[in-house]
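Here is how the chains run, residue by residue.
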Amino acid sequence: MHHHYNAIVVGAGSGGIGAALAAARAGLDVLLVEAAPTIGGTAVRAGVSIWEMGVGGTGLPFEIYRHLRVQPGAVGIYTIGRHCLWPGPDEPAPYPGGELRLDPSLRYVHTLRRHGARSMRDDQHFVRAHWHGVVFEPAAYARVVHRLLTESRHCTIRCSTTLTAVHTDAGHVQSLTLSDGSTVTAGAYVDATGDVALARACGAATHLGQEARAAFDEPGAPPEPMPYLNGATLIYRVTPSPHRTVDPLPRDMPVSCWWHDSFPAASIAQMPRGGLLVNMLPTLAGREALDLGPRAAYGEARRRVLAHWHHLQTRYPEFLDYHLDWIAPALGIRESWRIAGEATLTEHDLLSGLSGQTHPDVIALSDHALDTHGKPPADAGRGELREPYGIPYRCLIPQGFRNLLVACRGAGFSALAASSCRLSRTMMQLGQAAGTAIALAHARGIDLPDVPAGALRDHLWAQHVQLEHPMPAELMRFLERES
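Residues numbered from 1 in each chain as written. Predicted model: local features only at pLDDT ≥ 70, side-chain atom pairs only at ≥ 80, totals over all residues. Heavy atoms only, no water.

What about the overall build of the chain?
Thought 1: Summing up its helical and strand segments, the chain has 14 helices and 19 strands in all.
Thought 2: Scaling as 2.2 N^0.38, a compact globule of 483 residues should have a C-alpha radius of gyration of about 23 Å, and the chain matches this with 22 Å.
Thought 3: When its C-alpha atoms are laid out on the principal axes, the chain stretches across 65 × 50 × 50 Å.
Thought 4: The proportion of buried residues among the 483 residues of the chain is 58%.
Thought 5: Taking as baseline every contact in the chain between residues at least 6 positions apart, the subset at least 24 positions apart corresponds to 75%.
Thought 6: Accessible surface for the chain amounts to roughly 18,900 Å². Of this, 52% is attributable to carbon and sulfur atoms.
Thought 7: For the chain, the distance from the average site of its 42 positive side-chain charges to the average site of its 46 negative ones is 5 Å. (Helix = DSSP H or I, 4+ residues; strand = E, 2+ residues; numbered from the N terminus. Rg over C-alpha atoms; globule rule 2.2 N^0.38 Å. Buried < 20%, exposed > 50% of the residue type's maximum accessible area, 1.4 Å probe, protein only. Contact = heavy atoms within 4.5 Å. Areas by Shrake-Rupley, 256 points an atom, 1.4 Å probe, with all protein chains shown as cover. Lys, Arg positive; Asp, Glu negative; His and termini not counted. Charge placed at Lys NZ, Arg CZ, Asp CG, Glu CD.)

Points about the packing of helix α12 (residues 424–444) against helix α13 (residues 453–462)
Thought 1: Running from amino to carboxyl end, α12 crosses α13 at an angle of 125 degrees, the nearest separation of the two axes being 10 Å. As the angle between them shows, α12 and α13 are arranged oblique. By crossing handedness, the relation of α12 to α13 is classed as right-handed. The segment α12 lies against α13, with Gln432, Ala433, Thr436, Ala437, Leu440 and Arg444 engaging Ala455, Leu456, His459 and Leu460.
Thought 2: Considered class by class, the residues forming the contact of α12 with α13 number 6 nonpolar, 3 polar and 1 charged. (Axes fitted to C-alpha atoms, helices over the stretch in contact; angles between N-to-C directions. Parallel < 35°, antiparallel > 145°, perpendicular 65-115°, else oblique. Left-handed = near helix turned anticlockwise from the far one by under 90°. Nonpolar A, V, L, I, M, F, W, Y, C, P; charged D, E, K, R; others polar.)

Describing unusual backbone geometry
Thought 1: Cis geometry is adopted by the peptide bond preceding proline 282, which originates at leucine 281 and carries an omega value of -5 degrees.
Thought 2: Cis peptide bonds are those with omega within 30 degrees of zero, and the linkage from histidine 469 to proline 470 qualifies with 0 degrees.
Thought 3: Examined against the element boundaries, proline 470 turns out to sit in the loop between α13 and α14 (473–482).
Thought 4: Located in the positive-phi region is arginine 153, a residue other than glycine, with phi close to 65 degrees.
Thought 5: Phi is positive for alanine 170, close to 50 degrees, though the residue is something other than glycine.
Thought 6: Summarising the element assignment, alanine 170 is placed in the loop between β8 (163–169) and β9 (172–178).

Focus: helix α1 (residues 14–25)
Thought 1: Between the first and last C-alpha of α1 there are 17 Å, a value that for 12 residues agrees with the 16 Å anticipated at 1.5 Å per step.
Thought 2: Across the 12 residues of α1, 11 count as buried, placing the element largely inside the fold.
Thought 3: Along α1, the residues that are buried comprise Ser14, Gly15, Gly16, Ile17, Gly18, Ala19, Ala20, Leu21, Ala22, Ala23 and Ala24.
Thought 4: Among the residues trailing α1, glycine 27 stands out with phi positive, at a value near 95 degrees. (Expected span 1.5 Å × (residues − 1).)

Brief notes about empty space enclosed by the protein
Thought 1: One pass over the structure, following the stated rule, counts 1 cavity of 30 Å³ or more.
Thought 2: Computed from the structure, the largest cavity encloses a volume of approximately 30 Å³.
Thought 3: For the largest cavity, the full set of lining residues is Gly194, Arg334, Glu335, Ser336, Trp337, Arg338, Arg409, Gly410 and Ala418.
Thought 4: By residue class, the composition of the lining of the largest cavity is 2 nonpolar, 3 polar and 4 charged. (1 Å grid on protein atoms, 1.4 Å probe; cavity = no way out; pocket = protein on both sides within 12 Å on 5 of 7 lines; lining within 4 Å. Points joined across faces, edges and corners; volume = space filled by probe spheres on them.)

Some words on the sheet that holds strand β5 (residues 97–102)
Thought 1: On the basis of which strands lie adjacent, the open sheet formed by 8 strands has the order β3-β6-β4-β5-β13-β14-β12-β15 and mixed pairing. Each of the sheet's edge strands pairs with one partner strand only, and the pair in question is β3 (50–51) and β15 (322–327).
Thought 2: Strand direction decides the pairing type here: strand β4 (residues 75–83) and strand β6 (residues 132–136), joined by 5 bridges, are antiparallel. Each bridged residue has a counterpart across the sheet, and for valine 75 the counterpart in β6 is phenylalanine 136. (Pairing = 2+ DSSP bridges.)

Here we look at the packing of aromatic side chains
Thought 1: Tallying each qualifying case throughout the model produces 10 aromatic pairs.
Thought 2: Consider the rings of tryptophan 51 and tyrosine 141, whose centres lie 6.4 Å apart with planes at 85 degrees: the pair is edge-to-face. One end of the pair, tryptophan 51, is in strand β3; the other, tyrosine 141, is in helix α5 (residues 138–151), with 90 residues separating them in the sequence.
Thought 3: A relative accessible area of 3% places tryptophan 51 in the buried class.
Thought 4: The exposure class assigned to tyrosine 141 is buried, which follows from its relative accessible area of 0%.
Thought 5: Taking the centre distance of 4.8 Å and the plane angle of 25 degrees together, the rings of phenylalanine 136 and tyrosine 141 count as stacked. Judged on exposure class, the residue phenylalanine 136 and its partner tyrosine 141 are both buried.
Thought 6: Sitting over the ring of tryptophan 131, arginine 114 keeps its end group 4.2 Å from the ring centre.
Thought 7: Between the NZ or CZ atom of arginine 200 and the centre of the ring of tryptophan 337, over which it lies, the distance is 3.9 Å. (Phe/Tyr/Trp six-rings, centres within 6.5 Å; stacked < 30°, edge-to-face > 60°. Lys NZ or Arg CZ within 6 Å of the ring centre and 35° of its normal.)

Side note on the state of the cysteines
Thought 1: Tallied over the full model, the rule gives 0 disulfides.
Thought 2: With no disulfide of its own, cysteine 155 has cysteine 159 as its nearest cysteine by sulfur position, at a separation of 10 Å.
Thought 3: For cysteine 155, a relative accessible area of 15% gives the class buried.
Thought 4: Looking at cysteine 202, it has no disulfide partner, and the nearest cysteine sulfur is the one in cysteine 408, 13 Å off.
Thought 5: Given the relative accessible area of 9%, cysteine 202 is considered buried. (Disulfide = S-S within 2.5 Å.)

Comments concerning the pattern of salt bridges
Thought 1: Applying the stated criterion across every chain yields a total of 25 salt bridges.
Thought 2: As a salt-bridge pair, glutamate 318 and arginine 82 come within 3.0 Å of each other at their nearest N and O atoms. Placement of the pair is glutamate 318 in the loop between α9 (294–315) and β15 and arginine 82 in strand β4, with a sequence separation of 236 residues.
Thought 3: Across the pair arginine 338 and glutamate 211 runs a salt bridge, and its minimum N-O distance is 2.6 Å. In this pair, arginine 338 sits in strand β16 (residues 338–339) while glutamate 211 sits in the loop between β11 (206–207) and α7 (213–216), placing the two residues 127 residues apart along the sequence.
Thought 4: For arginine 338, a relative accessible area of 1% translates into the label buried.
Thought 5: Through salt bridges with shared partners, a single ionic network connects Arg82, Glu99, Arg101 and Glu318. (Salt bridge = Lys/Arg side-chain N within 4 Å of Asp/Glu carboxyl O.)

Right, here's the structure in full:
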């Protein structure tokens, strides 16, 4: 059985959704392949249903928010409440992390800035004034995204389907064999798998772990290569309980912590339909999760979730009003393999900011801090940014390939840069750029590396993607009017 498409997107997380939707809306026939039983990626299966504050949330993320907003109890905007860095004078103990409270007075435009703080610890006033994000119900998000893809009338979705073989020739992906026995071909392909499974199967050069300082002359990089990866998290949800009680801990579960002699801080968010979403920062070291493998890593993370929840209930009386309701069926992975791209985003780009960059092909903006979880304290690549930076289109192109793009956290980033730009809305915009580039290449009969940067940026601007800072007044008016 053989089918041909204009574009095949592997992975239906944020990047894959952006790529498939952009290409399908341009009239291309698209196949979206997903290994999991449902689309949505970590936002659905790993419970990462929060878009942190930051530049880079226009375009498709804003459109999805607008569809969520009209559904009761589907989405909200949060502000930061209590925080362990800012203990109150009447608190018997510092809050066990950061509290994210829904604030109905806030609008989407309030979620589009992070840069400018000295640090979270030292700039409480700035953080409280400017750091607001989006929290949504995973099931509602999955329904919206599925409906948008279906309404494009050009996207075929195959879930519970994996790659079994890839054929390449002279820098071109020729065909994919899928687990359902079919062979599929396309003019262009997008790898949005997170662990760049398609690119690796094609033989693309990849990196894993932290590069040595000499690789890109990054001031925050270690002197020698290091195997560490950003930590992984298993998110869980608790809901109000009619009885104030401690959920029982299994007999084989230790009550002591596993993480550097103390339990990790957690992001604890109010959910639109009630209850709290708890995100430990992190649950497993990234390398630990990789070495254990998916099944064993999930099992160990689940044990740690039970221990963490027991800790919260026994140390903080307010959590006696809740019971454990849901544990995400998949781990939230922050870092894995990354390709060697035609361009590499590095710490220099982040520190220079958009005003100091010279890339002609910027297709998305971000301003998130260099942000690691679970790496050694000696890892110096952390800190808030003074302004947004741009991500070049060439970062999506694996070296030596002509019809393959990578639109996920495994694109052409150094480990330090990836720690900043890996967030969901940014990945969705990389996908939107990838799908748009494929449509331009198809229309002009050219290979993906030959897509003119100016034309790509013009088409993204027409889709309300912010590519300049400060935000142009026209785009700001659109966001304020529509939100």
